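Listed below are the residues making up each chain.
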Amino acid sequence: MTHTSFTRRARILAWGACLTLAALPFLAALSLWQGGLSEAQMREAFAHVTAPADLARSAIWLFRLEAAICFALVCWTFYLLYEWLEACGRGEAFQPDTAGYALRLGRVLLGLALLNVVGRTVIILALTWNNPPGQRSLAIGLEGADIMLLLAASVLTLFGWIQAEAARIAAENEGFV
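The following paragraphs examine the structure supplied in this document. Think of each chain on its own: its residues are numbered from 1, step by step along the sequence as written. Given that the model is predicted, a residue must reach a pLDDT of at least 70 before its local features are reported, and side-chain atom pairs must reach 80 or more before they are shown or counted; all residues, however, enter totals for whole chains, interfaces and linings. Side-chain metrics in this entry use all non-hydrogen atoms of the structure; hydrogen atoms and water are not considered.

### Here's the deal with the overall build of the protein chain
So, point 1. In this text, helices come from DSSP runs of H or I with a minimum length of four residues, and strands from runs of E with a minimum of two, each type numbered from the N-terminal end. Within the protein chain one finds 5 helices and 0 strands.
So, point 2. Secondary structure elements of the protein chain, listed N to C terminal, follow the sequence α-α-α-α-α.
So, point 3. Relative to the globule expectation of 16 Å for 177 residues, the C-alpha radius of gyration of the protein chain, 21 Å, shows a markedly less compact shape.
So, point 4. Across its three principal axes, the protein chain shows a C-alpha extent of roughly 75 × 35 × 20 Å.
So, point 5. Each residue gets one of three labels from its accessible area relative to the maximum for its type: buried under 20%, exposed over 50%, partly exposed in between, using a 1.4 Å probe on protein chains only. When each of the 177 residues of the protein chain is scored for burial, the buried share is 33%.
So, point 6. In the protein chain, 74% of the contacts between residues at least 6 apart in sequence involve partners at least 24 apart.
So, point 7. Using a 1.4 Å probe, accessible areas were evaluated by the Shrake-Rupley method; residue-level cover was limited to the displayed protein chains. Total accessible area computed for the protein chain in this model is approximately 10900 Å², and 69% of it derives from carbon and sulfur atoms.
So, point 8. Under the convention used here, Asp and Glu are negative, Lys and Arg are positive, and both His and the chain ends fall outside the count. A single reference atom marks each charge: NZ on Lys, CZ on Arg, CG on Asp, CD on Glu. A distance of 3 Å separates the average location of the 12 positive side-chain charges in the protein chain from that of its 13 negative side-chain charges. Computation of the radius of gyration draws on C-alpha atoms alone. For the globule rule, the value is 2.2 Å times the number of residues to the power 0.38. Here a residue-residue contact requires only that any non-hydrogen atoms of the pair lie within 4.5 Å.

Next up, the structure:
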C-alpha cells in the first residue's frame, strides 16, 4: 500500500472517529449524572408546549426512549465513519465494501433525521394528551438541524453510490489488464 496524503488523512480522521466513539459513553454518563433526561430537562426542551403540571409517565419515557435510540444511532454513525475512514486509510477507497460503509452511513443519518422529526411530534402529543379537549397539540416541523442531517444523509448516500460505481469500474478495468 502506498502512503498518500489521502490515506494519511483518512487514518487521522479514523482515529478521531474512534476517539469520539470511545468518549460518547462517558459523555452520556456525565450528562445523566448532571440530570440529563429528567422531567425538568424535558420541560425545558419543550417549553413552547402547554403541558399539564402533572406530566404523563408515558411522555417522560418516550422522551428517554427517543434519546436512547438517538444515542445508539449516533454511536453507530461514528462506528461506520471509523470503518469507512479506516478502509480508505488502508488504500481501499474503491472497493465495494468501502462504498457500502458510505451508503450505510447515509442511511443511518437519514434514520436519525426522521427519528428527530417523528420523535419530537410523538413526544409533543404525549405531553399534551392529558390536557382538556381543544388544548391537545400535534406539532410537526423541521428544524435546521433536521434539514442539515437530511442534507448530509443525501450527500453521503450519493457519494456511496459514486464510490460503488467507481469500484465497479475499477474491477472492470482490472479484468482488461
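### Thoughts on the packing of helix α3 (residues 57-89) against helix α4 (residues 96-128)
So, point 1. Geometry is summarised by axes, namely lines fitted to C-alpha atoms with helices restricted to the contacting stretch, and by angles between N-to-C directions that run from 0 to 180 degrees. It is at 9 Å that the axes of α3 and α4 come closest, and there the two elements cross at 170 degrees. Taken together, the axes of α3 and α4 lie roughly antiparallel to each other.
So, point 2. Looking at side-chain class alone, the contact of α3 with α4 contains 24 nonpolar, 5 polar and 4 charged residues. In what follows, roughly perpendicular refers to angles from 65 to 115 degrees, roughly parallel to angles under 35, roughly antiparallel to angles over 145, and oblique to any angle outside these ranges. Under the scheme applied here, ten amino acids are nonpolar (Ala, Val, Leu, Ile, Met, Phe, Trp, Tyr, Cys and Pro), four are charged (Asp, Glu, Lys and Arg), and all others, including Gly, are polar.

### Notes on the layout of surface pockets
So, point 1. Empty space within the largest pocket amounts to approximately 350 Å³.
So, point 2. Of the two site types, the cavity is a set of points on a 1 Å grid over the protein atoms alone where a 1.4 Å probe fits but cannot get out, and the pocket is an open set with protein on both sides within 12 Å along at least five of seven lines, each lined by residues with an atom within 4 Å of a point. Around the largest pocket, the lining comprises 16 residues; the ones closest to its centre are Leu 37, Gln 41, Phe 63, Glu 66 and Ala 67.
So, point 3. Of all the secondary structure elements, the ones that give two or more residues to the lining of the largest pocket are α1 (5-33), α2 (39-45), α3 and α4.
So, point 4. Of all the elements, α3 adds the most residues to the lining of the largest pocket, at 5 residues.
So, point 5. A breakdown of the residues in the lining of the largest pocket according to their chemical character gives 9 nonpolar, 5 polar and 2 charged. Grid points are joined across faces, edges and corners, and a volume is the space filled by probe spheres set on the points.

### Comments concerning the state of the cysteines
So, point 1. For the purposes of this analysis, a disulfide is any pair of cysteine sulfur atoms at a distance within 2.5 Å. Under the defined criterion, the tally for this structure stands at 0 disulfides.
So, point 2. Of the cysteine sulfurs around Cys 75, a residue in no disulfide, the closest is that of Cys 70, at 11 Å.
So, point 3. Using a relative accessible area of 16% as the deciding quantity, one classes Cys 75 as buried.
So, point 4. Among the cysteines around Cys 88, which has no disulfide bond, Cys 18 carries the closest sulfur, lying 16 Å off.
So, point 5. Taking the relative accessible area as the measure of exposure, Cys 88 reaches 6% and is therefore buried.

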